[in-house]
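Letter by letter, the chains look like this.
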Amino acid sequence: MRLFIRKMEIENWKGIKQEAFDFDGNETWVEGANGTGKTSMFDAVLWTLFGIDHLDRSDYQIRPTVNG
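Treat the numbers as computed from the prediction; the structure is a model and nothing was measured.

Cut-off values and rules
- Residues numbered from 1 in each chain as written.
- Predicted model: local features only at pLDDT ≥ 70, side-chain atom pairs only at ≥ 80, totals over all residues.
- Heavy atoms only, no water.
- Phe/Tyr/Trp six-rings, centres within 6.5 Å; stacked < 30°, edge-to-face > 60°.
- Helix = DSSP H or I, 4+ residues; strand = E, 2+ residues; numbered from the N terminus.
- Buried < 20%, exposed > 50% of the residue type's maximum accessible area, 1.4 Å probe, protein only.
- Polar contact = N/O pair within 3.5 Å; in protein donor to acceptor, adjacent residues only side chain to side chain.
- Salt bridge = Lys/Arg side-chain N within 4 Å of Asp/Glu carboxyl O.

### Section: the packing of aromatic side chains
Going through the model one piece at a time under the given rule, you end up with one aromatic pair. Plain terms: the ring middles of Trp 13 and Trp 47 are 5.6 Å apart, the flat faces sit at 55 degrees to each other, and that makes the pair tilted. Of this pair, Trp 13 sits in strand E1 (residues 7–13) while Trp 47 is found in helix H1 (residues 38–50), placing the two residues 34 residues apart along the sequence. Accessibility expressed as a relative area gives 21% for Trp 47, which makes it partly exposed.

Written out as structure tokens, the structure is:
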């Protein structure tokens with residue numbers, strides 16, 4: 001089985017207010033400094049596919065960040 005993500009739109013998820021990502025079909029690397037949203041992006045994919053975050057939480061104790 002192969003999974004291809006062509007586009008991802010995130011709105012009000014953890015620290016991400018609104019963002020859209022387009023992928024070109026090739027291998028994609030997500031890099032950045034601490035606190036830039038890499039794990040939030042990963043958690044959005046996990047939540048969509050499996051209903052859990054990277055810490056295996058599924059009870060939605062995840063809350064959006066307000067004012068930092």
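Moving on from the coordinates now.
### Focus on the side chain of Asp 53
Structurally, the position occupied by Asp 53 is in the segment after H1. At 2.6 Å, the side chain of Asp 53 and the side chain of Arg 57 are in polar contact.

### Details of the pattern of salt bridges
Using the criterion set out here, one finds three salt bridges in the structure. Across the pair Lys 7 and Glu 9 runs a salt bridge whose closest N-O atoms are separated by 3.4 Å. According to the relative accessible area criterion, Glu 9 is exposed, its value standing at 60%. Between Asp 43 and Lys 14 there is a salt bridge, with its nearest N and O atoms 2.6 Å apart. Here Asp 43, found in helix H1, pairs with Lys 14, found in the loop between E1 and strand E2 (16–22); they are 29 residues apart in sequence, far enough to count as distant. Judged by its relative accessible area of 0%, Asp 43 falls in the buried class.

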